[in-house]
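Listed below, chain by chain, are the residues.
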Amino acid sequence: QVQLVESGGGLVQTGGSLRLSCAMSGSIFGANAMGWYRQAPGKQRELVTSISNGGITNYADSVKGRFTISRDNAKNTVYLQMNGLKPEDTAVYYCNLVLFPWGTRPRSDYWGQGTQVTVSS
């Protein structure tokens, strides 16, 4: 059973920084991608950024140049460094793990419990 545990959310002023962490446990092997999504009140959940096990990254246009995703494969942990935070970044941030098909393993998606990030103006 794969589990994702997030930490690092909180309240910060505009222009400030936060670092989110997501520690994953369980059977994680083969092709996979780790990422962060966010959901603001009244809005749909959206992809913020992702990183493959090969290190390929993808960012939403709204966070390019401000957010950086990284991963420690030995620790099965993904990080999100958020700089230059804006009020519109306020949301619940969810960690995501996608295990792509591998041998007989089908695609599987896992989610963290979510952590609140609030940016005050």
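The structure contained in this document is the topic of the report that follows. (Residues numbered from 1 in each chain as written. Predicted model: local features only at pLDDT ≥ 70, side-chain atom pairs only at ≥ 80, totals over all residues. Heavy atoms only, no water.)

**Some words on the overall build of the protein**
Part 1 of the reasoning: Per the secondary structure count, the protein includes zero helices and eleven strands.
Part 2 of the reasoning: Ordering the α and β elements of the protein from the N terminus gives β-β-β-β-β-β-β-β-β-β-β.
Part 3 of the reasoning: Compactness check: the protein gives a C-alpha radius of gyration of 14 Å against a globular reference of 14 Å for 121 residues, within 12% of the reference.
Part 4 of the reasoning: Across its three principal axes, the protein shows a C-alpha extent of roughly 50 × 25 × 25 Å.
Part 5 of the reasoning: Counting all 121 residues of the protein, 44% fall into the buried class.
Part 6 of the reasoning: Across the protein, contacts joining residues at least 24 apart in sequence account for 56% of those joining residues at least 6 apart. (Helix = DSSP H or I, 4+ residues; strand = E, 2+ residues; numbered from the N terminus. Rg over C-alpha atoms; globule rule 2.2 N^0.38 Å. Buried < 20%, exposed > 50% of the residue type's maximum accessible area, 1.4 Å probe, protein only. Contact = heavy atoms within 4.5 Å.)

**Quick look at the packing of aromatic side chains**
Pairs of aromatic rings are described using the distance from one ring centre to the other and the angle between the two planes.
Part 1 of the reasoning: The final tally for this structure, using the stated rule, is one aromatic pair.
Part 2 of the reasoning: A cation sits over an aromatic face here: R45 above Y94, 3.7 Å from the ring centre. (Phe/Tyr/Trp six-rings, centres within 6.5 Å; stacked < 30°, edge-to-face > 60°. Lys NZ or Arg CZ within 6 Å of the ring centre and 35° of its normal.)

**Looking at the sheet that holds strand β1 (residues 3–7)**
Part 1 of the reasoning: Read across the sheet, four strands follow the order β1-β3-β8-β7 without closing on themselves; strand pairing throughout is antiparallel. This sheet does not close on itself; its edge strands, each paired only once, are β1 and β7 (67–72). Within this sheet the neighbouring strands show an average axis-to-axis angle of 15°, counted without direction.
Part 2 of the reasoning: Bridge analysis of β1 against strand β3 (residues 18–25) gives five bridges, and the strand direction is antiparallel. If you follow L4 over to β3, its bridge partner there is M24. (Pairing = 2+ DSSP bridges. Axes fitted to C-alpha atoms, helices over the stretch in contact; angles between N-to-C directions.)

**A few points about the environment of Q81**
Part 1 of the reasoning: By the secondary structure assignment, Q81 is in strand β8 (residues 77–82).
Part 2 of the reasoning: Through-space distance from the C-alpha of Q81 to that of I28 is 23 Å; in sequence the pair is 53 residues apart.
Part 3 of the reasoning: If we skip the residues at most four places from it in the chain, Q81 touches S17, L18, R19, R66, F67 and T68.
Part 4 of the reasoning: In terms of polar contacts, Q81 uses its side chain to reach the side chain of N83, at 2.9 Å. (Polar contact = N/O pair within 3.5 Å; in protein donor to acceptor, adjacent residues only side chain to side chain.)

**A short note on the pattern of salt bridges**
Part 1 of the reasoning: Following the criterion strictly, the structure yields five salt bridges and no others.
Part 2 of the reasoning: A salt bridge links R38 to D89; the nearest nitrogen and oxygen atoms lie 3.0 Å apart. With R38 in strand β4 (residues 32–39) and D89 in the loop between β8 and β9 (91–99), this residue pair connects regions lying 51 residues apart in the sequence. When sorted by exposure, R38 lands in the same class as D89, which is buried.
Part 3 of the reasoning: The residue D89 makes a salt bridge to R66 at a minimum N-O spacing of 2.7 Å. Here D89 is found in the loop between β8 and β9, whereas its partner R66 is found in the loop between β6 (57–59) and β7, with 23 residues between them in sequence. Accessibility assignment for this pair places D89 and R66 in one class, buried.
Part 4 of the reasoning: Because the salt bridges share partners, they merge into one network encompassing R38, E46, R66 and D89. (Salt bridge = Lys/Arg side-chain N within 4 Å of Asp/Glu carboxyl O.)

**Considering the state of the cysteines**
Part 1 of the reasoning: Inspection of every chain in the model, using the stated rule, returns one disulfide.
Part 2 of the reasoning: Shown here is the disulfide that connects C22 with C95, its sulfur atoms set 2.1 Å apart. Between C22 and C95, the disulfide has an S-S torsion of -90° and is therefore left-handed. On the criterion of sequence distance, the pair formed by C22 in strand β3 and C95 in strand β9 is long-range, its members being 73 residues apart.
Part 3 of the reasoning: Accessibility expressed as a relative area gives 0% for C22, which makes it buried. (Disulfide = S-S within 2.5 Å.)

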